[in-house]
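Fold and geometry: a report
Given next are the chains, with one letter for each unit.
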Amino acid sequence: SWTVARQKNARRYSEMFSAEGLSDSLIEPVVAPERRHVFNQYCVVVRDGQRDHVQAEMKARKLGCAVYYPKPLHLQKCFAELGYKLGDFPVAEATAGNILALPIYPELPAADQERVVAGLAEICHGSAKSKQVRRAA
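Read on for a plain summary of the structure. (Residues numbered from 1 in each chain as written. Predicted model: local features only at pLDDT ≥ 70, side-chain atom pairs only at ≥ 80, totals over all residues. Heavy atoms only, no water.)

What to know about the overall build of the protein chain
From N to C terminus, the protein chain includes five helices and three strands. Secondary structure of the protein chain in N-to-C order comes out as α-β-β-α-α-β-α-α. The burial tally for the protein chain puts 31% of its 137 residues in the buried class. Roughly 8,800 Å² of accessible area belongs to the protein chain as shown, and the carbon and sulfur atoms make up 56% of that amount. Each charge class in the protein chain was averaged separately, 19 positive and 15 negative side chains, and the resulting centres sit 3 Å apart. (Helix = DSSP H or I, 4+ residues; strand = E, 2+ residues; numbered from the N terminus. Buried < 20%, exposed > 50% of the residue type's maximum accessible area, 1.4 Å probe, protein only. Areas by Shrake-Rupley, 256 points an atom, 1.4 Å probe, with all protein chains shown as cover. Lys, Arg positive; Asp, Glu negative; His and termini not counted. Charge placed at Lys NZ, Arg CZ, Asp CG, Glu CD.)

Some points on the side chain of Asn 98
As for its placement among the helices and strands, Asn 98 is situated in the loop between helix 3 (90-96) and strand 3 (99-102). At a separation of 2.8 Å, a polar atom in the side chain of Asn 98 contacts the main-chain carbonyl oxygen of Ala 94. Apart from residues lying up to four places away in sequence, Asn 98 is in contact with Val 44, Val 45, Val 46, Gly 49, Gln 50 and Arg 51. (Polar contact = N/O pair within 3.5 Å; in protein donor to acceptor, adjacent residues only side chain to side chain. Contact = heavy atoms within 4.5 Å.)

Regarding the nonpolar core
Membership of the largest hydrophobic core comes to 23 residues, with the highest contact counts inside it found for Tyr 13, Phe 17, Tyr 42, Met 58, Leu 102 and Leu 120. Ranked by the residues each element gives to this core, the list is headed by helix 4 (residues 110-125), at five residues. Met 58 has contacts with Leu 63, Gly 64, Cys 65, Leu 102, Val 116, Gly 119, Leu 120 and Ile 123, leaving out every residue within four places of it along the chain. (Core = buried A, V, L, I, M, F, W, Y, C linked by side-chain atoms within 4.5 Å.)

Brief notes about the pairing of strand 2 (residues 42-46)
A regular strand places its side chains on the two faces of the sheet in alternate fashion. Across the two faces of strand 2 the burial differs, with Tyr 42, Val 44 and Val 46 buried and Cys 43 and Val 45 not buried at all. One ladder, built from two bridges, connects strand 1 (residues 26-27) with strand 2; its direction is antiparallel. Bridge assignment links Leu 26 to a residue of strand 2, and that residue is Val 46. Bridging between strand 2 and strand 3 involves four bridges; their strand directions are antiparallel. In the sheet register, Val 44 faces strand 3, and the bridge partner there is Leu 100. (Pairing = 2+ DSSP bridges.)

Describing the environment of Phe 89
Within the secondary structure, Phe 89 sits in the loop between helix 2 (51-60) and helix 3. Spatially, the C-alpha atom of Phe 89 lies 31 Å from that of Asn 9, the residues being 80 residues apart in sequence.

Digging into the pattern of salt bridges
The full count for this structure, using the stated rule, is five salt bridges. Linking Glu 57 and Arg 61 is a salt bridge whose minimum nitrogen-to-oxygen distance equals 2.7 Å. Of the residues examined, Glu 57 reaches a relative accessible area of 29% and is grouped as partly exposed. The exposure class of Arg 61 is partly exposed, given its relative accessible area of 30%. (Salt bridge = Lys/Arg side-chain N within 4 Å of Asp/Glu carboxyl O.)

Topic: the sheet that holds strand 2
The sheet built from three strands is open, its strands ordered 1-2-3 with antiparallel pairing. With one partner strand each, in any of the chains shown, strand 1 and strand 3 form the two edges of the open sheet. On top of the sheet, helix 2 reaches strand 2 and strand 3; it is set at about 25° to strand 3, its chief contact. (Axes fitted to C-alpha atoms, helices over the stretch in contact; angles between N-to-C directions.)

Brief notes about the packing of aromatic side chains
Taken as a whole and assessed by the stated rule, the structure comprises five aromatic pairs. Chaining the aromatic ring pairs together yields one cluster made of Tyr 13, Phe 17, Phe 39 and Tyr 42. (Phe/Tyr/Trp six-rings, centres within 6.5 Å; stacked < 30°, edge-to-face > 60°.)

Encoded structure:
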């Protein structure tokens, strides 16, 4: 039941991101056809190197978000014996620097998700007033 609830929350995020036009600012998780995702975390990639700004603004608005893995696996101390170094996996390194986890727990109320997405939209697209102007254009 927890997985089903998380999947429902993930679908709701996707619908709200689409409605808010956030695809130019965020890359959502992808679920391959004929596969399923348990969404233990719901991580988005913030485009244009703006993750730290978005995270700071979210926290200022008291909206949940976190960076769970600031370093890719190959740069973590526990894997040092493998001998990998910075630059060996540039995609993993770039992703680690731009990924942000949003609340996804099973009991997450829809209203809380709406607040998270509204905050993201405001941060990524400016104030609500400028957003209305853009939509009218």
